[in-house]
Amino acid sequence: AQSVTQLDSQVPVFEEAPVELRCNYSSSVSVYLFWYVQYPNQGLQLLLKYLSGSTLVKGINGFEAEFNKSQTSFHLRKPSVHISDTAEYFCAVLSNDYKLSFGAGTTVTVRA
Amino acid sequence: GAGVSQTPSNKVTEKGKYVELRCDPISGHTALYWYRQSLGQGPEFLIYFQGTGAADDSGLPNDRFFAVRPEGSVSTLKIQRTERGDSAVYLCASSLSGGTADTQYFGPGTRLTVL
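Note that the coordinates shown come from a computational prediction; the quantities given were computed from them, not determined experimentally.

(A) Main features of the overall build of chain A. A count of helical and extended segments in chain A gives zero helices and 12 strands. When its helices and strands are written in sequence order, chain A yields β-β-β-β-β-β-β-β-β-β-β-β. In terms of overall dimensions, chain A is globule-like: its C-alpha atoms have a radius of gyration of 13 Å, near the 13 Å expected for 112 residues. A principal-axis box enclosing the C-alpha atoms of chain A has dimensions of 45 × 30 × 20 Å.

Structure (structure tokens):
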């Protein structure tokens, strides 16, 4: 079975500072990885995904993530955060071509 | 265009009652998914529909849970004899055809509270 571990449950960060959210996965087969964001009172929105090819994936709103097979990681980064980036972020792995398995989430709180 | 919609947004019921949760996927999407998100956790897979049929219902916790999609569009998740442990946010998602490259688009969820 595939699983995801998000290493930080809460990440406070100041506005315009960089942020990194850590995600590790376990999988014995080909890996397809995703980051979703959940703003307060909204549904999950896809930030970016890795299916194949370049290990550095760029997503929406200035986010990027790097797939590292040797470390089984898919960490999410943003060089400069805004207040509007306050949200919960979920890392997920796809199995059976359709089943997403999510981590427990990381709450990012951006302070002025 | 319109995204995935779910009704009701909130549902409060009493232990032992029956509830139905509705999902309207994005028009033209043949694949539909239900997930459940308990407090402090990530969403957990419940069931996957391809068209009208349930291709994988391995995530349904027990036989009190059932889901249908009779015309290949709207889906209803049905929970019989609700228990307090069923309290969670139930998320629906749809994608164009299912498969690795498809993006799953999520609705805002239905928050179910069982008293």
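(B) Structural detail: the overall build of chain B. A count of helical and extended segments in chain B gives zero helices and 11 strands. By the compact-globule yardstick of 13 Å for 115 residues, chain B fits well, its C-alpha radius of gyration being 13 Å. Its C-alpha atoms put chain B at 40 × 25 × 25 Å along the principal axes. Buried positions account for 47% of the 115 residues belonging to chain B. Relative to all contacts within chain B whose residues are 6 or more apart in sequence, the contacts with residues 24 or more apart total 55%. For chain B, the computed accessible surface area is about 5,400 Å², with 48% contributed by carbon and sulfur atoms. Chain B carries 11 positive and 11 negative side-chain charges, and their two centres are separated by 8 Å.

(C) The confidence of the model for chain A, seen in detail. Across chain A, the average pLDDT comes to 93, with 98% of residues at or above 70. For chain A, strand β11 (residues 99-102) of chain A is the element with the lowest average pLDDT, namely 93, and strand β3 (residues 19-21) of chain A is the one with the highest, namely 98.

(D) Layout of the sheet that holds strand β8 (residues 75-79) of chain B. Residues and elements named next belong to chain B. Pairing within the open sheet is antiparallel, and its four strands lie in the order β1-β3-β8-β7. Every other strand in the sheet has two partners, leaving β1 (5-7) and β7 (65-68) as the edge strands with one partner each. In this sheet, adjacent strand axes meet at a mean angle of 15° when their direction is disregarded. Both β1 and strand β3 (residues 19-24) contribute to a ladder of three bridges, which runs antiparallel. Within β3, the position partnered with S5 by the bridge is D24.

Calculation criteria
- Sequence order as written defines residue numbering, which begins from 1 separately in each chain.
- Each chain gets a letter, beginning with A, and each ligand a number, beginning with 1, in the order they are written.
- pLDDT decides what is reported in this predicted model: residues at 70 or higher carry local features, side-chain atom pairs at 80 or more are listed and counted, and totals for whole chains, interfaces and linings draw on all residues regardless.
- Computation of side-chain values: all heavy atoms of the structure, hydrogens and water removed.
- Segments assigned H or I by DSSP are reported as helices when at least four residues long, segments assigned E as strands when at least two residues long, and all are numbered from the N terminus.
- Radius of gyration means the value over C-alpha atoms here, while the globule rule gives 2.2 Å times the residue count to the 0.38 power.
- Relative accessibility thresholds used throughout: buried, under 20% of the residue-type maximum; exposed, over 50%; partly exposed, between the two (1.4 Å probe, protein chains only).
- In this description, contact between two residues means that some pair of their heavy atoms is separated by no more than 4.5 Å.
- Throughout, the Shrake-Rupley method with a 1.4 Å probe supplies accessible areas, and for residues the shown protein chains are the sole cover considered.
- A residue counts as positive if it is Lys or Arg and as negative if it is Asp or Glu; His and the chain ends are not included.
- The location of each charge is read from NZ of Lys, CZ of Arg, CG of Asp or CD of Glu.
- A residue's pLDDT is simply how confident the predictor is in it, with values from 0 to 100.
- Strands were regarded as paired on the criterion that DSSP finds at least two bridges between them.
- Think of each axis as a best-fit line through the C-alpha atoms, taken over the contacting stretch in the case of a helix, with angles from 0 to 180 degrees between the N-to-C directions.

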